[in-house]
Amino acid sequence: MAANTSTSGFADPADGNYEDWFELYNPGSTAVDLGGYFLTDNLTNQFQFKVPDNGHYLIPAGGHLLVWADGEPGQNSTNRADLHVSFSLRAVGEAIGLFAADGTQIDALTFTNQTNNISQGRSPDGGANIVFLPSLSPRSGNIIAPPAPMVAAI
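Rules used in this analysis
- Throughout this description, residue numbers start from 1 for each chain and increase along the sequence as written.
- Under the rules for a predicted model, residues below a pLDDT of 70 receive no local features and side-chain atom pairs below 80 are neither given nor counted, while totals for whole chains, interfaces and linings still include all residues.
- Hydrogens and water are ignored here; the side-chain numbers use all heavy atoms of the structure.
- A pair is scored as a salt bridge if a Lys or Arg side-chain nitrogen falls within 4 Å of a carboxyl oxygen belonging to Asp or Glu.
- Under the scheme used here, helices are H or I runs from DSSP no shorter than 4 residues and strands are E runs no shorter than 2 residues, and both carry numbers assigned from the N terminus.
- Throughout, exposure labels follow a simple rule: accessible area from a 1.4 Å probe, protein chains only, divided by the maximum for the residue type, with under 20% read as buried, over 50% as exposed, and the rest as partly exposed.
- Strands are labelled as partners when DSSP assigns at least two bridges between them.
- Residues grouped as a nonpolar core are buried Ala, Val, Leu, Ile, Met, Phe, Trp, Tyr and Cys residues, joined through side-chain atoms within 4.5 Å.
- We call two residues contacting when some pair of their heavy atoms lies within 4.5 Å.

Asker: Report on the pattern of salt bridges, specifying residues and quantitative values.
Answerer: Counted under the stated rule, the structure contains one salt bridge. Close ionic contact of Arg 122 with Asp 107 constitutes a salt bridge, the shortest N to O distance being 3.0 Å. With a gap of 15 residues between them, Arg 122 in strand β10 (residues 119-123) and Asp 107 in strand β9 (residues 105-111) connect regions that are remote in the sequence. The class of Arg 122 is buried, set by a relative accessible area of 18%. Since its relative accessible area comes to 36%, Asp 107 is described here as partly exposed.

Asker: Can you break down the pairing of β9 residue by residue, with the values?
Answerer: On any regular strand, side chains alternate: one points to one face of the sheet, the next to the other face. Alignment of strand β8 (residues 94-99) against β9, held across six bridges, turns out to be antiparallel. Across the sheet, the residue bridging to Phe 99 is Gln 105, located in β9. Counting the residues in the hairpin turn of β8 and β9 gives five residues, including Gly 103, whose phi is positive at 95 degrees.

Asker: Tell me about the sheet that holds strand β3 (residues 38-40), and name the residues and values.
Answerer: Hydrogen bonds between backbone groups are what pair the strands of a sheet, and the pairing can be parallel or antiparallel. If you walk across this open sheet you meet the four strands as β4-β3-β8-β9, and the pairing is antiparallel. Only two strands of the sheet have a single partner each, and these edge strands are β4 (49-50) and β9.

Asker: How would you explain the nonpolar core if you had to name every residue and give the values?
Answerer: Counting residues in each nonpolar core, the largest one holds 19 residues, and the members touching the most others are Phe 22, Leu 39, Val 67, Leu 83, Val 85, Phe 87 and Leu 89. Elements with a contribution of two residues or more to this core: β1 (21-25), β6 (64-68) and β8. Here Val 67 is in contact with Asp 20, Trp 21, Phe 22, Leu 24, Leu 39, Leu 83 and Val 85, once residues within four sequence places are set aside.

Asker: Describe unusual backbone geometry, and please don't skip the residues or the numbers.
Answerer: At Asn 117, a residue that is not glycine, the phi angle is positive and equals roughly 60 degrees. By secondary structure assignment, the location of Asn 117 is in the loop between β9 and β10.

Asker: Before we move on, could you go through the side chain of Ser 119 and cite the residues and values that matter?
Answerer: The topology assignment puts Ser 119 in strand β10. Residue contacts for Ser 119: discarding those within four places in its chain leaves Met 1, Val 131, Phe 132, Leu 133, Ser 135 and Leu 136.

Asker: Outline the sheet that holds strand β7 (residues 83-84), supporting the account with residue identities and numerical values.
Answerer: Spatial strand order, β1-β6-β7: three strands in an open sheet with mixed pairing. Of all the strands in the sheet, just β1 and β7 have a single pairing partner and so form its edges. The sheet contact formed by β6 and β7 spans two bridges and is parallel. What sits directly across from Trp 68, in β7, is His 84.

Have a look at this one:
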């Protein structure tokens, strides 16, 4: 969500602002501690932001971690589940990368021009296809289509 604006978007609970965000998904069967890993919005600078190595930024098996790309890492706290990184995203497009402590690329993607309050993500979660999503689903699985209407029996 590189164009998170106004009340149609999703506010950062740390300060109430509408800021850029993305999620990391763990497709594995065990939890992953991201402490010591690196996140970046520039794939040639794989050591841009080091995830605090404090045991707090765990992604459970099949779970998600919400990352605020708000340039406000001072908002990181063990009292808050979300991670805040030192960079923000550009709505005209750029990249997001996750790198191991030694600089090995774990995952990366490049996105293009974004629309206000329309998120983009992998479909299915962790898959190869990147699609625009009709609903925001921070901290949970990507919602690809609205649920079918329920019709009560007469």
